Amino acid sequence: MTTPTLTKMKIDFVSDVSCPWCVIGLKSLEDALGRVAGEVQAEIHFQPFELNPQMPAEGQDIAEHLAEKYGSTPEQSQRNREMIRARGQDVGFTFSMDKRSRIYNTFDAHRLLHWAEEEGEGRQLALKEALFKAYFSDGESPGSHEVLARVAGEVGLDMARAKAILASSEYADAVREREQFYLQQGIHAVPAVIINDKHLISGGQPAEVFEQALRQIAAAG
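Let me begin by describing the structure that accompanies this report. (Residues numbered from 1 in each chain as written. Predicted model: local features only at pLDDT ≥ 70, side-chain atom pairs only at ≥ 80, totals over all residues. Heavy atoms only, no water.)

### A few points about the nonpolar core
1) Next: Formed by 41 residues in total, the largest nonpolar core has its most connected members in Val14, Phe95, Ile187, Val193, Ile195 and Leu214.
2) Next: Those elements that place two or more of their residues in this core are strand 1 (7-15), helix 1 (20-35), strand 2 (40-48), helix 2 (62-70), helix 5 (123-137), strand 5 (192-195) and helix 9 (207-220).
3) Next: Ranked by residues supplied to this core, first place goes to helix 1 with 7 residues.
4) Next: With residues up to four places along the chain from it excluded, the contact list for phenylalanine 95 reads Pro20, Val23, Ile24, Ile84, Arg85, Gly88 and Phe136. (Core = buried A, V, L, I, M, F, W, Y, C linked by side-chain atoms within 4.5 Å. Buried < 20%, exposed > 50% of the residue type's maximum accessible area, 1.4 Å probe, protein only. Helix = DSSP H or I, 4+ residues; strand = E, 2+ residues; numbered from the N terminus. Contact = heavy atoms within 4.5 Å.)

Now the structure itself:
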C-alpha cells in the first residue's frame, strides 16, 4: 500500500485583527486543513492589513463608524451583527456583540504579530487567535499596549519583550512595507487567502470552499 504524497503549501492570510470575517475565514480554513491533513501540509503566515489605518488611538464608537464608513443604518448594522454572530457560532467562535462597542487602531497589534512569527512555529497563530478572542469575545482593545502585552504573555511570548517592542517603533517599517505590498497586489478587502503566491480566495468562505481549493491545488501539483 503506497503512502499518499504530502503536498506542502504556503498560505498567506492577509487580515486585520478587528475584522470579524477574518475570524470566520480563519476558522473555516483551519477546518478545511483538518479535513485534508493526510494530503496537505500548510504553513500559514499572517500578513498585515488595516481596515482603518487613520483610526486614532482612542478608537471610535462602532455604530458611528459604520454609519460614516458604509452609510449603515442601526437596523442594517444589527442585522449584520446577528449574521456574523450566527456564522461565528457555526465555526465555534463566540462573537460577544454587546461587549464590542468601539473600533480601534490595530497597527501595534500587527507589529507584535510580525515579531511573533520570528519567535517560532505556532506563535504567530496563537497570538492571532488570542487577539481575535480579546477583541470579539471579551470586548478588549487591540490598540491597548497593556492588552497586547498581556495577551502576548498568555500565549507564551516574552511579555517584557512585547512591552519593549510596543514602546518603540520596532517592526513599524516592516509592517508598512508588507501592507503596501498587498495593496499594490490589488488586495483591498480582507480576509484574502493567497496559496503558493498565486491562488487567491477572498472573504470569509465556508470550509468546503477552502477544502475544494486545497484539493485542486494539491492535485495540480
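### Some remarks on the pattern of salt bridges
1) Next: The full count for this structure, using the stated rule, is 14 salt bridges.
2) Next: The shortest N-O distance in the salt bridge between aspartate 197 and lysine 10 comes to 2.6 Å. Here the residue aspartate 197 occupies a position in the loop between strand 5 and strand 6 (199-202), and lysine 10 occupies one in strand 1, the gap between them amounting to 187 residues.
3) Next: Given the relative accessible area of 55%, aspartate 197 is considered exposed.
4) Next: What you see here is one network of salt bridges that share partners, running through Asp31, Arg35, Glu39, Glu208, Glu211 and Arg215. (Salt bridge = Lys/Arg side-chain N within 4 Å of Asp/Glu carboxyl O.)

### Here's the deal with the side chain of histidine 110
1) Next: Structurally, histidine 110 is set in helix 4 (residues 107-118).
2) Next: Judged by relative accessible area, which is 3%, histidine 110 ranks as buried.
3) Next: When neighbours within four sequence positions are excluded, histidine 110 is seen to be in contact with Ser15, Asp16, Val17, Pro48, Phe49, Glu50, Val175 and Glu179.

### Regarding the pairing of strand 5
The two faces of a sheet get side chains in turn, since along a regular strand they alternate between them.
1) Next: Neither face of strand 5 is open: one carries Ala192 and Ile194, the other Val193 and Ile195, and all of them are buried.
2) Next: Pairing of strand 1 with strand 5, which is carried by 4 bridges, proceeds in the antiparallel orientation. By the bridge assignment, aspartate 12 is partnered in strand 5 with isoleucine 194.
3) Next: The pairing of strand 5 with strand 6 spans 4 bridges and is classified as antiparallel. From the neighbouring strand, isoleucine 194 faces strand 6, where its bridge partner is leucine 200.
4) Next: Counting the residues in the hairpin turn of strand 5 and strand 6 gives 3 residues, including asparagine 196, whose phi is positive at 55°. (Pairing = 2+ DSSP bridges.)

### Some details on unusual backbone geometry
1) Next: At the junction of valine 190 and proline 191, the peptide bond is cis and its omega measures out at 5° in the coordinates.
2) Next: If you trace the backbone, proline 191 turns up in the loop between helix 8 (172-184) and strand 5.
3) Next: We note that asparagine 196 has phi near 55°; this positive angle belongs to a residue other than glycine.
4) Next: The residue asparagine 196 is located in the loop between strand 5 and strand 6 in this model.
5) Next: Residue asparagine 196 is classed as partly exposed on the basis of its relative accessible area of 28%.
6) Next: Of note in this structure, aspartate 197 is not a glycine but carries a positive phi near 65°.

### A closer look at a negative patch on the surface
1) Next: A cluster of acidic residues, Glu43, Glu117, Glu118, Glu119, Glu121 and Asp158, forms a negative patch at the surface.
2) Next: Positionally, glutamate 118 belongs in helix 4. (Patch = residues over 30% accessible without salt bridge, like charges linked within 9 Å, V, L, I, M, F, W, Y side chains within 5 Å. Areas by Shrake-Rupley, 256 points an atom, 1.4 Å probe, with all protein chains shown as cover. Lys, Arg positive; Asp, Glu negative; His and termini not counted. Charge placed at Lys NZ, Arg CZ, Asp CG, Glu CD.)

### Some points on the pairing of strand 2
1) Next: With 9 bridges joining them, strand 1 and strand 2 adopt parallel strand pairing. Paired with methionine 9 across the bridge in strand 2 is alanine 42.

### Concerning the environment of glutamate 119
1) Next: Here glutamate 119 is to be found in the loop between helix 4 and helix 5.
2) Next: With 92 residues separating them along the chain, glutamate 119 and glutamate 211 place their C-alpha atoms 29 Å apart.

### A closer look at the sheet that holds strand 2
1) Next: Taken together, 4 strands build an open sheet; the order of strands is 2-1-5-6 and the sheet is mixed. Here the strands that pair on one side only, and so sit at the sheet edges, are strand 2 and strand 6. Averaged over all pairs of adjacent strands, the angle between strand axes in this sheet comes to 20°, irrespective of strand direction.
2) Next: Taken strand by strand, helix 1 contacts strand 1, strand 2 and strand 5, and its axis lies near 170° from that of strand 1.
3) Next: Relative to strand 2, helix 5 is tilted by about 60°, and along the sheet it contacts strand 1 and strand 2. (Axes fitted to C-alpha atoms, helices over the stretch in contact; angles between N-to-C directions.)

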